[in-house]
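# Architecture and fold: a report
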Amino acid sequence: MNLSRSITQSKALLLAATLIAPITHSADLTVSIENLTRGIYFTPLAVAAHPDGTSLFGLGEAASAEIQAMAEGGDISGAGAILDSIGATQANNPAGGLLTPGASTTATLNTDGTSNTLLTVIGMMLPTNDGFVALNSQMIPTEPGTYTYYAKAYDAGTEANDEVRGSGAPGEAGFPVPPPLEAEIGTGGTGLTNSAEGFIHIHRGNLGDTDSTGGMTDIDSTQHRWLNPIAKITVTVN
Amino acid sequence: MMNPSLLRQRGYSLRRILGTLTIGAAVVLAGCSDDDDDNNDAQQPEPEVMASYQVSIKNLTAGQPLSPIAVVLHESSWKSFATGEAASSELEQLAEGGDNTAYLDAAMASAAVFNSASGSGVLTPGSMEDINLDVSADSVGTLYLTLVSMLVNTNDALAALNAVDVKDMGVGEQLTFTALTYDSGTEANSESADTIPGPAAAGGAQEGYNASRDDVRDAIYVHAGVVTADDGLAGSVLLETHRWDNPAIQVVVERVQ
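## A short note on the overall build of chain A
For chain A, the helix and strand inventory stands at three helices and ten strands. Put simply, chain A has 238 residues, and 49% of those count as buried. Considering only contacts within chain A whose residues lie at least 6 apart along the sequence, 76% involve residues at least 24 apart.

## Some words on helix H3 (residues 89–97) of chain B
Residues and elements named next belong to chain B. Every buried residue of H3 is accounted for by Leu91, Glu92, Leu94, Ala95 and Glu96. Looking at the buried positions of H3, the neighbouring elements they touch are strand E2 (70–74), helix H4 (101–108), strand E5 (144–151) and strand E6 (157–165). One or two positions beyond H3, positive phi appears at Gly98, with a value near 80 degrees.

## A look at empty space enclosed by the protein
Inspection of every chain in the model, using the stated rule, returns one cavity of 30 Å³ or more. The calculated volume of the largest cavity comes to roughly 90 Å³. If you go around the largest cavity, the residues you meet are Arg38, Ser221, Thr222, Gln223 and Arg225 of chain A together with Asn189, Glu191, His223, Ala224, Gly225, Val226 and Val227 of chain B. Taken together, the residues of the lining of the largest cavity sort by class into three nonpolar, six polar and three charged.

## What to know about the packing of H3 of chain B against H4 of chain B
All names here are of chain B. H4 packs onto H3 with a crossing angle of 150 degrees between their chain directions and a minimal axis gap of 7 Å. Looking at the two axes, H3 sits roughly antiparallel to H4. Crossing of H3 over H4 shows left-handed handedness. Here H3 contributes Glu90, Leu91, Gln93 and Leu94 to the contact with H4, which in turn contributes Ala102, Tyr103 and Ala106. Considering only residue class, the contact of H3 with H4 consists of five nonpolar, one polar and one charged.

## A closer look at the nonpolar core
Judged by nonpolar contacts, the single largest core of 38 residues is most densely connected at Tyr53, Ile57, Leu145, Leu147, Val166, Ile249 and Val251 of chain B. Listing elements by their share of this core, those giving two or more residues are strand E1 (50–59), E2, strand E4 (128–136), E5, E6, strand E7 (174–183) and strand E9 (249–255) of chain B. In this structure, Val166 of chain B is in contact with Leu73, Val140, Leu143, Tyr144, Leu145, Leu175, Phe177 and Val253 of chain B, ignoring residues within four places of it in sequence. By size, the runner-up hydrophobic cluster in this structure holds 28 residues, among which are Ala107, Leu119, Val133 and Ile230 of chain A.

## Describing the interface of chain A and chain B
At the junction of the two partners, chain A supplies 17 residues and chain B supplies 23 residues. It is Arg38, Arg225 and Leu227 of chain A that lose the most area in chain A upon contact with chain B, and together they represent 46% of the buried surface on that side. Connecting chain A to chain B are three salt bridges. Close ionic contact of Arg38 of chain A with Asp215 of chain B constitutes a salt bridge, the shortest N to O distance being 3.0 Å. Here chain A and chain B share ten residue pairs in polar contact (both at pLDDT 80 or more) between them. Of the residues belonging to the side of chain A that touches chain B, the class tally is seven nonpolar, seven polar and three charged.

## Quick look at the layout of surface pockets
In this structure, the largest pocket spans a volume of roughly 840 Å³. Lining of the largest pocket is provided by 30 residues; of these, Thr148, Tyr150 and Lys232 of chain A together with Asn162 and Tyr182 of chain B occupy positions nearest its centre. Breaking the lining of the largest pocket down by element, the ones donating at least two residues are strand E1 (28–35), strand E5 (104–110), strand E8 (145–155) and strand E10 (231–237) of chain A together with E6 and E7 of chain B. Residue contributions to the lining of the largest pocket peak at six residues, all from E6 of chain B. When its volume is computed, the second largest pocket comes out at roughly 510 Å³.

## Some remarks on the pairing of E6 of chain B
Residue and element names in this part refer to chain B. Inspection of the sheet shows E5 paired to E6 by seven bridges, in the antiparallel sense. Bridging across to E6, Leu147 finds its partner in Leu161. The antiparallel hairpin formed by E5 and E6 contains five residues in its connecting segment. The pairing of E6 with E7 spans four bridges and is classified as antiparallel. Paired with Ala160 across the two strands is Leu180, which belongs to E7.

## Some words on the side chain of Glu34 of chain A
Looking at the element boundaries, Glu34 of chain A is found in strand E1. Buried within the structure, Glu34 of chain A lacks any salt-bridge partner; its nearest side chain of opposite charge belongs to Lys232 of chain A, at an N-O separation of 4.9 Å. A distance of 2.7 Å separates the side chain of Glu34 of chain A from the side chain of Thr83 of chain B, its partner in a polar contact. Here Glu34 of chain A is in contact with Ala103, Ser104, Ile230, Ala231 and Lys232 of chain A together with Thr83 and Gly84 of chain B, once residues within four sequence places are set aside.

## Comments concerning the pattern of salt bridges
Opposite charge on two side chains lets them pair, provided their charged atoms get close. If you walk through the whole model with that rule in mind, you get nine salt bridges over all chains. A salt bridge links Glu182 of chain A to Arg165 of chain A, with the nearest nitrogen and oxygen atoms 2.9 Å apart. One end of the pair, Glu182 of chain A, is in the loop between E8 and strand E9 (201–202); the other, Arg165 of chain A, is in the loop between E8 and E9, with 17 residues separating them in the sequence. With a relative accessible area of 27%, Arg165 of chain A lands in the partly exposed category. Salt-bridge contacts for Glu240 of chain B lead to Arg243 of chain B; the nearest nitrogen and oxygen are separated by 3.2 Å. By sharing partners, the salt bridges in this structure join Arg38 of chain A together with Asp183 and Asp215 of chain B into a single network.

## Remarks on the pairing of E1 of chain A
Summarising the sheet, E1 of chain A and E5 of chain A pair through seven bridges and their orientation is antiparallel. Counterpart to Ile33 of chain A in the pairing with E5 of chain A is Thr105 of chain A.

## Structural notes on the environment of Ile202 of chain A
All names here are of chain A. The topology assignment puts Ile202 in strand E9. Spatially, the C-alpha atom of Ile202 lies 6.0 Å from that of Asp155, the residues being 47 residues apart in sequence. Each residue touching Ile202, except ones within four places of it in the same chain, is listed here: Leu59, Lys152, Ala153, Tyr154, Asp155 and Asn228.

Cut-offs used in this document
- Residues numbered from 1 in each chain as written.
- Chains lettered and ligands numbered in written order.
- Predicted model: local features only at pLDDT ≥ 70, side-chain atom pairs only at ≥ 80, totals over all residues.
- Heavy atoms only, no water.
- Helix = DSSP H or I, 4+ residues; strand = E, 2+ residues; numbered from the N terminus.
- Buried < 20%, exposed > 50% of the residue type's maximum accessible area, 1.4 Å probe, protein only.
- Contact = heavy atoms within 4.5 Å.
- 1 Å grid on protein atoms, 1.4 Å probe; cavity = no way out; pocket = protein on both sides within 12 Å on 5 of 7 lines; lining within 4 Å.
- Points joined across faces, edges and corners; volume = space filled by probe spheres on them.
- Nonpolar A, V, L, I, M, F, W, Y, C, P; charged D, E, K, R; others polar.
- Axes fitted to C-alpha atoms, helices over the stretch in contact; angles between N-to-C directions.
- Parallel < 35°, antiparallel > 145°, perpendicular 65-115°, else oblique.
- Left-handed = near helix turned anticlockwise from the far one by under 90°.
- Core = buried A, V, L, I, M, F, W, Y, C linked by side-chain atoms within 4.5 Å.
- Buried area = accessible area lost by both parts, 1.4 Å probe.
- Salt bridge = Lys/Arg side-chain N within 4 Å of Asp/Glu carboxyl O.
- Polar contact = N/O pair within 3.5 Å; in protein donor to acceptor, adjacent residues only side chain to side chain.
- Pairing = 2+ DSSP bridges.
- Lys, Arg positive; Asp, Glu negative; His and termini not counted.

And the structure:
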């Protein structure tokens, strides 16, 4: 094995790639997000194209304060600020509020003149304590066409999954109940006993129960469970 | 009285002419008689050139027998179902009762469907079945596969591959897919012995298809799983062993001819 020769070849290939590919990424794309669940709402979604090598979170890692605020309370302003700081192209909150079960919404991104080659879609799941839906740093195809991706449910690991009504503020127990969910969420649950896991992972799902005025949780096991995937994301590159 | 083999030979010639038409009319006029001479000299009566696919389905669940598998080979313009939209009546019959007759009849009535087939019977957990389908070799370049089956120990759960791309497979080439499970959105998930047709509901009325639609919404979505009596759902005849996770089916498609 001739090491210097293989390095030379690699350099040649790199040079060739640089000559062929423009440095900036150029794409005009639409991103449709469909909520595939039976009864889980998505809070406002961040939809962004961002540079290679950047991401908002990593599996197995501790969540940032911005991811925590998104996952516990649906607040994407912090995530938006991070995305701004790395020059991302953003089209946040395309649904203008909650994306209800079965509904779809579409965002448009134009990355002309940027180096934004990765797509992230992220938002909180309700009712959960710190569950979120995400497509994390998916490479945006350069060929015009329609591409389908499926997104999974993650747990931010920042809050105990007690599954009872409470707060959307970071670090405070329970989950927020905005008006459209009021009638679906139980009351009087004693709360599951567990603790924040400390790292981002695939969500194990809601447990819930069938007692809407007591029991262990305020989540309805017949309405608020899910299996992955929970969202279908259709990217059309124009 | 014409010789039947001659008829077939003429038919063959006609197909070649029609095929050549796409290249250019001038070529057709020039090449016509030559083609006929060649056929008369060398060709036996020629059947239509076919492509054959073997579809191998494996049930990956712990406790969900699958209703006879419905397989459809079609063009992209044919659509069996879409999440977020209401199920067709034919799909509802399959999803609630496991009967694929109306579903396959409706598919075959479409000009965009090349062929379809049914599995021979219920596919039990862990078992595997091969289903073979032929299509005209002309359709290889536009071929999509849809596969649907009911998880019979549920109210209306489907395992499905929805129009996966099997275009331009070479002979001997294999593609592997895994199927998600969907709720057809046509029946409430009571999990009761009176509303589930599968063996878990033995002793109940075990109703299959019922035209009324009473789920949380009349639209197809990814199934949330069953709750079961073991997890506290009053009236459920299901046990924890009837739960599953995605994917529920593995499908290997091989072009064998």
